Amino acid sequence: IPTLFRLFSGSLSGLEGGAYNPQYLYDHREDLALVMDDELVQRKLDALKSVYDRLREETVLYGGPLVLETFGEAPFSPEIKKEAVTYASGHRKKLSAYKTKAALLYNEAVIGEERSFTIIAFPLPEISAEKYEEIFGEIVKINTMDSASYGRIQETLIDTLDRGDHLHVFGKNGNETDLMVNLYKLRDPAKETIFENCVADVNIPVGEVFTSPVLEGTNGLLHVTYVYLNGLLFKDLKLFFEDGRVTRYSCANFEDEEEGKAYIEKNILFHHEKLPMGECAIGTNTLAYVTARKYGIEDRFPILIAEKTGPHFAVGDTCYSHEEENRVYNPNGKEIVAKDNSCSLRRREDPEKAYFGCHTDVTIPFAELGGIDVHTKEGEKIAILSDGRFVLPGTESLNEPLLSFEEESQKK
């Protein structure tokens, strides 16, 4: 039975119109701090449990959401208002505990093995008054690309990635990224795999392979010069990882360095002192990347498409949050076994310490990517990408949109 509902403040999904005043919404996003206490948190949890219990027959039939996203609104960079209400440390702990317990209630009511989703995005006319129809046509192409051929190319990538002990990711053209990412060690490579082959069966468009990295041994700097995350602009964003956790961070949005740190703490770390790297991925949809560059709409892309336009790393929960026990397989029949990390494994003893209730992807554009090397257990180094191009044999066709765009730009 299809169900539609409006988006209410604090919900994860629902129907909504455009933001009438994004600065106002930003200023008041933490107003709940005015009334938040233990009693309110418990009342909200009791209300959720009561509804789930009452609708138990309906919730077990829930098959998951069909999400139609729109994008193209003018970018927004907020002004920091000292008068705005913010969460104190006690409020943050209560909010985090509420989100974790609410998610556990949800997963008790809805059968995970029988739940899935489909998500797709299309542009609004606001993205370009003159070239809207042209851009819309390009997005339709991106959303309907041949999944089977991409699946085969990405399987070639994964076959090499599965040999890896760790990855080395580094930047160029002013990008200071220098990351060593520790990978899960396979016990049975003939039947198991580290990376999921994302072929647009649920997550449209096609174009990424991803895994949950091993936190211990994952170290270094993730840097992007210009990126929009959760609808907000970040300039010269730097996240420093130690054993897979963000321990230091900065951005150049404000003259005052402390304001920049507070901006990241509120809008990327979501008030957590540290967040783990929940995902390591390689976006392969070079057509989407070229479309963004061609029309100058990189800042308008939703994360659904943006994450496919280059390697990206998420801070927060893994992609398998609350569904780690569900068995998942790639199209070639291999089981995806790298779903946990040392944080999510805490769910067996203390679920409140296992999850963070957030997952934010940070994508390095190909123009800023020096390369990605796979370092094998035997000490071999295999280049996956070099100088922003795919160089692994069997993946070269992914470069065709990049090369065509380069030729067109030179002619102009």
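Reference entry: report on the structure contained in this document. (Residues numbered from 1 in each chain as written. Predicted model: local features only at pLDDT ≥ 70, side-chain atom pairs only at ≥ 80, totals over all residues. Heavy atoms only, no water.)

What about the overall build of the chain?
Summing up its helical and strand segments, the chain has 10 helices and 17 strands in all. Over its C-alpha trace the chain gives a radius of gyration of 21 Å, about what one expects of a compact globule, namely 22 Å for 412 residues. Projected onto the principal axes, the alpha-carbon positions of the chain cover approximately 60 × 50 × 45 Å. For the chain, the residues scored as buried account for 47% of the 412 residues in total. Between the averaged position of the 46 positive side-chain charges in the chain and that of its 70 negative side-chain charges there is a distance of 2 Å. (Helix = DSSP H or I, 4+ residues; strand = E, 2+ residues; numbered from the N terminus. Rg over C-alpha atoms; globule rule 2.2 N^0.38 Å. Buried < 20%, exposed > 50% of the residue type's maximum accessible area, 1.4 Å probe, protein only. Lys, Arg positive; Asp, Glu negative; His and termini not counted. Charge placed at Lys NZ, Arg CZ, Asp CG, Glu CD.)

Let's talk about unusual backbone geometry
It is generally the case that most residues other than glycine have a negative phi and that most peptide bonds are trans. Residue isoleucine 204 is joined to proline 205 through a cis peptide bond whose omega torsion reads 10°. Within the fold, proline 205 resides in the loop between strand S6 (196-198) and strand S7 (208-211). Phi at aspartate 236 takes a positive value of approximately 50°, unusual for a residue other than glycine. The residue aspartate 387 is not glycine, and still its phi comes out positive at about 55°. In this structure, aspartate 387 sits in the loop between strand S16 (381-386) and strand S17 (389-390). On the basis of relative accessibility, which here comes to 46%, the residue aspartate 387 falls in the partly exposed class.

Re the packing of aromatic side chains
Taken as a whole, this structure holds nine aromatic pairs when the rule is applied. Taking 6.1 Å as the distance between ring centres and 35° as the angle between the ring planes, the aromatic pair formed by phenylalanine 210 and tyrosine 320 counts as tilted. You can see phenylalanine 210 sitting in strand S7 and its partner tyrosine 320 sitting in the loop between strand S12 (311-316) and strand S13 (335-336), a full 110 residues away along the chain. Each member of the pair, phenylalanine 210 together with tyrosine 320, is buried. Taking 5.3 Å as the distance between ring centres and 85° as the angle between the ring planes, the aromatic pair formed by phenylalanine 254 and tyrosine 263 counts as edge-to-face. Phenylalanine 254 sits in the buried class, given a relative accessible area of 18%. By the ring-pair criterion, three or more aromatic residues cluster together here, those being Phe122, Tyr132 and Phe136. Across from the ring centre of phenylalanine 240, 4.0 Å away, lies the NZ or CZ of arginine 248, which sits over that ring. (Phe/Tyr/Trp six-rings, centres within 6.5 Å; stacked < 30°, edge-to-face > 60°. Lys NZ or Arg CZ within 6 Å of the ring centre and 35° of its normal.)

Thoughts on the packing of helix H2 (residues 38-54) against helix H4 (residues 89-109)
At a minimum axis distance of 10 Å, the contact between H2 and H4 shows a crossing angle of 10°. In terms of orientation, H2 and H4 fall into the roughly parallel class. Here H2 contributes Asp38, Val41, Lys44, Leu45, Leu48, Lys49 and Tyr52 to the contact with H4, which in turn contributes Lys94, Tyr98, Lys101, Ala102, Leu105, Tyr106 and Ala109. Of the residues belonging to the contact of H2 with H4, the class tally is nine nonpolar, no polar and five charged. (Axes fitted to C-alpha atoms, helices over the stretch in contact; angles between N-to-C directions. Parallel < 35°, antiparallel > 145°, perpendicular 65-115°, else oblique. Contact = heavy atoms within 4.5 Å. Nonpolar A, V, L, I, M, F, W, Y, C, P; charged D, E, K, R; others polar.)

Considering the sheet that holds strand S3 (residues 164-171)
One open sheet holds the eight strands; their spatial order is S10-S9-S8-S4-S3-S15-S16-S17, and the pairing between them is antiparallel. Two strands in the sheet have a free side with no partner beyond their single neighbour: strand S10 (245-250) and S17. Bridge count for S16 against S17 is two bridges, and the pairing is antiparallel. Within S17, the position partnered with serine 386 by the bridge is arginine 389. In the packing of helix H7 (residues 257-267) onto the sheet, the strands contacted are strand S9 (232-242) and S10, and the crossing angle to S9 comes to about 85°. (Pairing = 2+ DSSP bridges.)

Some thoughts on the side chain of lysine 308
Along the polypeptide, lysine 308 turns up in the loop between helix H9 (303-306) and S12. Within the local environment of lysine 308, its side chain forms a polar contact with the side chain of asparagine 203, the two groups lying 3.1 Å apart. A polar atom in the side chain of lysine 308 sits 2.6 Å from the backbone oxygen of proline 205. Apart from residues lying up to four places away in sequence, lysine 308 is in contact with Asn203, Ile204, Pro205, Val206, Gly207, Glu208, Gly283, Thr284 and Asn285. (Polar contact = N/O pair within 3.5 Å; in protein donor to acceptor, adjacent residues only side chain to side chain.)

Concerning the nonpolar core
Taken as a class, soluble globular proteins show a tendency for nonpolar side chains to be buried jointly. Residues Phe234, Leu237, Leu239, Phe313 and Ile384 are the most contacted members of the largest nonpolar core, which totals 64 residues. In this view, isoleucine 384 contacts Leu157, Thr160, Leu161, Ile282, Ile372, Val374, Arg389, Phe390, Val391 and Leu392; residues no more than four positions away in its chain are not counted. (Core = buried A, V, L, I, M, F, W, Y, C linked by side-chain atoms within 4.5 Å.)

Looking at the environment of glycine 64
Take glycine 64: it is sitting in the loop between helix H3 (56-59) and strand S1 (66-71). Between the C-alpha atom of glycine 64 and that of glycine 112, which follows or precedes it by 48 residues, the distance is 9.3 Å. When neighbours within four sequence positions are excluded, glycine 64 is seen to be in contact with Arg115 and Ser116.

Points about the sheet that holds S6
Strands belonging to one sheet form pairs held by backbone hydrogen bonds; the direction of such a pair is parallel or antiparallel. Strand order in the open sheet made by the five strands is S6-S7-S11-S12-S14, with antiparallel pairing throughout. Either end of the sheet is taken by a strand with one partner, and the two such strands are S6 and strand S14 (359-363). Each adjacent strand pair in this sheet contributes to an overall mean axis angle of 25°, direction not counted. In this structure, strand S11 (residues 277-283) lies alongside S12, joined through five bridges in antiparallel fashion. Bridging across to S12, cysteine 280 finds its partner in phenylalanine 313. Those strands touched by helix H6 (residues 147-161) are S6, S7 and S11, and its axis lies near 160° from that of S6.

So, to be careful, I would describe these as geometric facts and stop short of saying anything about function.
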